[in-house]
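An overview of the molecular structure
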Amino acid sequence: KKTIEELKRYLKLNNQIVSGTKPELVRRVADGIVFGSVGPCPNCGGHLHPELPGGGPINFGSGTTPAPAQVVYRCRKTNREREPCGYEAAGNHVERRPFMGAEQYR
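The shown structure was predicted, so the numbers you read here are calculated from the model rather than taken from an experiment. (Residues numbered from 1 in each chain as written. Predicted model: local features only at pLDDT ≥ 70, side-chain atom pairs only at ≥ 80, totals over all residues. Heavy atoms only, no water.)

**What about helix 1 (residues 4–13)?**
Residues L7, Y10 and L11 constitute the buried set of helix 1. Seen along its axis, helix 1 keeps its buried residues to an arc of 95 degrees; they face one direction. Exposed side of helix 1, more than 90 degrees from the buried face: E5, R9 and K12 are the residues found there. Structurally, helix 1 contributes buried residues whose contacts are with helix 2 (22–35). (Buried < 20%, exposed > 50% of the residue type's maximum accessible area, 1.4 Å probe, protein only. Helix = DSSP H or I, 4+ residues; strand = E, 2+ residues; numbered from the N terminus. Arc of directions from axis to C-beta. Contact = heavy atoms within 4.5 Å.)

**Brief notes about the environment of A102**
In this fold, A102 is placed in the segment after strand 5 (96–97). Of the residues examined, A102 reaches a relative accessible area of 4% and is grouped as buried. As a C-alpha pair, A102 and Y10 span 92 residues in sequence and 8.9 Å in three-dimensional space.

**Here's the deal with the sheet that holds strand 2 (residues 48–51)**
Strands sit in the order 2-3-4 across an open sheet of three strands; the sheet is antiparallel. For this open sheet the edge positions go to strand 2 and strand 4 (88–90), each flanked by a neighbour on one side alone. Between one strand and the next, the sheet's axes are offset by a mean angle of 25 degrees, whatever the strand orientation. Pairing of strand 3 (residues 72–75) with strand 4 involves three bridges; the strand directions are antiparallel. (Pairing = 2+ DSSP bridges. Axes fitted to C-alpha atoms, helices over the stretch in contact; angles between N-to-C directions.)

**Here's the deal with the nonpolar core**
Core analysis: the largest hydrophobic core is formed by nine residues, namely V38, C41, L48, I58, V71, Y73, C75, A89 and V94. Here C75 is in contact with C41, C44, G46, H47, L48, C85, G86 and Y87, once residues within four sequence places are set aside. In this structure, Y10, I33, F99 and A102 belong to the second largest nonpolar core, which totals eight residues. (Core = buried A, V, L, I, M, F, W, Y, C linked by side-chain atoms within 4.5 Å.)

**Some words on unusual backbone geometry**
Positive phi, normally seen in glycine, also occurs at N15, with a value near 55 degrees. Relative to the elements of secondary structure, N15 occurs in the loop between helix 1 and helix 2. Since its relative accessible area comes to 45%, N15 is described here as partly exposed. The phi dihedral of R82 falls on the positive side, at around 65 degrees, and the residue is not glycine. Within the secondary structure layout, R82 lies in the loop between strand 3 and strand 4. Judged by relative accessible area, which is 71%, R82 ranks as exposed.

Below, the structure written as structure tokens:
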């Protein structure tokens, strides 16, 4: 078992979102190990946040996680004028990179 700080270290190393509950952090690390790190927003470089297609959050504590094709990734970053970036992409169309540290889990 990994501590919250260890999970956050893996996420930070891979430039992923580090906030959230332990189940959310575990899910992000597992997602990165299996599918690769989610790349930055191609428009502004912000983080891409996974959401359900209707815009609702994903309940990671429920024990079930939707498949990548069922998830929409949205950029929540705003510019200086407080205008949202607005980028979004289907989960199966998001750029993925190798997850650094994944070799420790194999």
